[in-house]
Amino acid sequence: MEFLAPLMFASLVVFLLLGYPVAFSLAANGLLFAFVGIQSGAFDFALLQALPERVYGIASNQTLLAIPFFTFMGLILERSGMAEELLDTLGQLFGGIRGGLAYAVIFVGALLAATTGVVAASVIAMGLISLPIMLRYGYDKKLASGVIAASGTLAQIIPPSLVLIVLADQLGASVGDMYKGALLPGLMLVGLFALFILAVSIFKPAAVPALPASARTLSHAQLATRVFTTLIPPLVLIFLVLGTILLGVATPTEGGALGATGALALAAIKGRLKFNVTRQAMDSTLKLTAFVIFILIGSTVFSLTFRGLSGDLWVEGLFEHLPGGVIGFLIVVNILVFLLAFFLDFFEIAFI
């Protein structure tokens, strides 16, 4: 019954392409093929007895507690108007040079990535705020939307990223080590985005015009004050959270709790800690956390059955026969992730 494992993987892809929820597709596939495997003698029923313990392990996982903390921290800062203030301040700061608004979007995208860790939150915040302004001052439509979408994806790699927490849990690695490994590539990506805008401003200056003097209304003193009050507090919070985790002073969960408390304090200091803001942030945090936990449970059911049907040996055999050794393996995996990302979120890809 060696064909059951590849058939199980193929049926999962079909379920996902049909639009069924990922968590339920994973769990249903796992249970269906466990039943088929038991009936055909290819799967040991005793393996299913490990399921309750695995589900309990997910619910009691201390590492995953960091997800609601970091999500809540980012959403409080975003809903309290931090993104809008940052974009306005950096837009005024860089507005006098060609591509200034694009640079502002990239740098704010990096800052939001380090606070929200959620791609959708970053893209929606910057899209609503910066896209109308960029188009109003004559930016190329494709470039404006591309800069916003690209800078939004920084939330996946710049710590404290939810993706890295999930990957650390799946790989059995330290979250702190994942953060250390991702920090330099994340900053390099920010630098490459900025270099691209620089190249466009040199070769296609009409696509990224500077802001007219009439749009730069703040004096030097006012701008310095805005930078100090708007840019410095979230930066201090980010460095405080990341520093405690990277130095080993705090666990990711403790760092997340510190970040959430700091975000509430910043919102309160600015007089923006309203009941509606807090409620919306809590609702979104609950939804995202439940989403992650359900996918984890579904992927546990799927992986248990898949391994029981020797699917891990089948996948290992596939990769062993790839040409090019380690480099060939990395190329194929990157292409596979690229294709999966067309219709799956990063959480699903990490679990599958």
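Computed from a predicted structure; not experimentally measured. (Residues numbered from 1 in each chain as written. Predicted model: local features only at pLDDT ≥ 70, side-chain atom pairs only at ≥ 80, totals over all residues. Heavy atoms only, no water.)

Observations concerning the overall build of the protein chain
No. 1: Within the protein chain, the regular secondary structure consists of 16 helices and zero strands.
No. 2: Projecting the C-alpha coordinates of the protein chain onto the three principal axes gives extents of approximately 80 × 45 × 35 Å.
No. 3: Taking all 352 residues of the protein chain together, the buried fraction comes to 44%.
No. 4: In the protein chain, 77% of the contacts between residues at least 6 apart in sequence involve partners at least 24 apart.
No. 5: Within the structure as shown, the protein chain displays about 17,700 Å² of accessible surface, and the carbon and sulfur contribution to it stands at 71%.
No. 6: Each charge sign in the protein chain was given a centre, from 16 positive and 17 negative side chains, and these centres are 19 Å apart. (Helix = DSSP H or I, 4+ residues; strand = E, 2+ residues; numbered from the N terminus. Buried < 20%, exposed > 50% of the residue type's maximum accessible area, 1.4 Å probe, protein only. Contact = heavy atoms within 4.5 Å. Areas by Shrake-Rupley, 256 points an atom, 1.4 Å probe, with all protein chains shown as cover. Lys, Arg positive; Asp, Glu negative; His and termini not counted. Charge placed at Lys NZ, Arg CZ, Asp CG, Glu CD.)

Looking at helix H8 (residues 141-152)
No. 1: The end-to-end C-alpha separation of H8 is 17 Å, in line with the 16 Å expected for 12 residues at 1.5 Å each.
No. 2: Residues of H8 that are buried include every one of Leu143, Ala144, Val147, Ile148, Ser151 and Gly152, and no others. Looking down the long axis of H8, one finds its buried residues gathered within 165° of arc, a one-sided arrangement. What points out from H8, more than 90 degrees from its buried face, is the exposed set Lys141 and Lys142. (Expected span 1.5 Å × (residues − 1). Arc of directions from axis to C-beta.)

A short note on the side chain of Ser201
No. 1: Along the chain, Ser201 falls in helix H10 (residues 175-203).
No. 2: For Ser201, a relative accessible area of 12% corresponds to the buried category.
No. 3: In contact with Ser201, other than residues within four places in its own chain, are Arg98, Tyr103 and Val208.

A closer look at the packing of aromatic side chains
No. 1: In this structure the tally under the stated criterion is three aromatic pairs.
No. 2: Taken together, a centroid distance of 5.6 Å and an interplanar angle of 15° make the contact between Phe302 and Phe306 stacked. Taken together, the positions of Phe302 and Phe306, both in helix H13 (residues 275-308) and four residues apart, correspond to about one turn of that helix. You'll find Phe302 and Phe306 in the same group, each marked buried. (Phe/Tyr/Trp six-rings, centres within 6.5 Å; stacked < 30°, edge-to-face > 60°.)

Re a nonpolar patch on the surface
No. 1: On the surface, Val326, Ile327, Phe329, Leu330, Ile331, Ile335, Phe338, Leu339 and Phe342 cluster together into a nonpolar patch covering about 930 Å² of accessible area.
No. 2: Turning to its location among the elements, Phe338 is positioned in helix H15 (residues 325-340).
No. 3: What makes Phe338 exposed here is its relative accessible area of 53%. (Patch = residues over 30% accessible without salt bridge, like charges linked within 9 Å, V, L, I, M, F, W, Y side chains within 5 Å. Salt bridge = Lys/Arg side-chain N within 4 Å of Asp/Glu carboxyl O.)

As for the nonpolar core
No. 1: Counting residues in each nonpolar core, the largest one holds 67 residues, and the members touching the most others are Phe70, Met73, Met134, Tyr139, Ile165 and Tyr179.
No. 2: The dominant element in this core, judged by the number of residues it contributes, is helix H6 (residues 100-115), at 12 residues.
No. 3: Once you skip the residues sitting within four places of it in the chain, Tyr179 turns out to touch Phe70, Pro159, Pro160, Ser161, Leu164, Ile165, Leu242, Ile245 and Leu246.
No. 4: Counting residues in hydrophobic clusters, the runner-up holds 15 residues, among them Leu16, Ala34, Phe43 and Ile295. (Core = buried A, V, L, I, M, F, W, Y, C linked by side-chain atoms within 4.5 Å.)

Details of the side chain of Ser151
No. 1: Checked against the element boundaries, Ser151 lands in helix H8.
No. 2: A distance of 2.7 Å separates a polar atom in the side chain of Ser151 from the backbone oxygen of Val147. (Polar contact = N/O pair within 3.5 Å; in protein donor to acceptor, adjacent residues only side chain to side chain.)

Here's the deal with the packing of helix H2 (residues 22-40) against H13
No. 1: The geometry of H2 relative to H13 is characterised by a closest axis approach of 7 Å and an angle of 25° between their N-to-C directions. Relative to H13, the element H2 is oriented roughly parallel. Where H2 crosses over H13, the handedness of that crossing is left-handed. Here Ala23, Phe24, Leu26, Ala27, Asn29, Gly30, Leu31, Phe33 and Ala34 of H2 lie close against H13, whose contacting residues are Phe294, Ile295, Gly298, Ser299, Val301, Phe302 and Thr305.
No. 2: Classifying every residue of the contact of H2 with H13 by side-chain character gives 11 nonpolar, five polar and no charged. (Axes fitted to C-alpha atoms, helices over the stretch in contact; angles between N-to-C directions. Parallel < 35°, antiparallel > 145°, perpendicular 65-115°, else oblique. Left-handed = near helix turned anticlockwise from the far one by under 90°. Nonpolar A, V, L, I, M, F, W, Y, C, P; charged D, E, K, R; others polar.)

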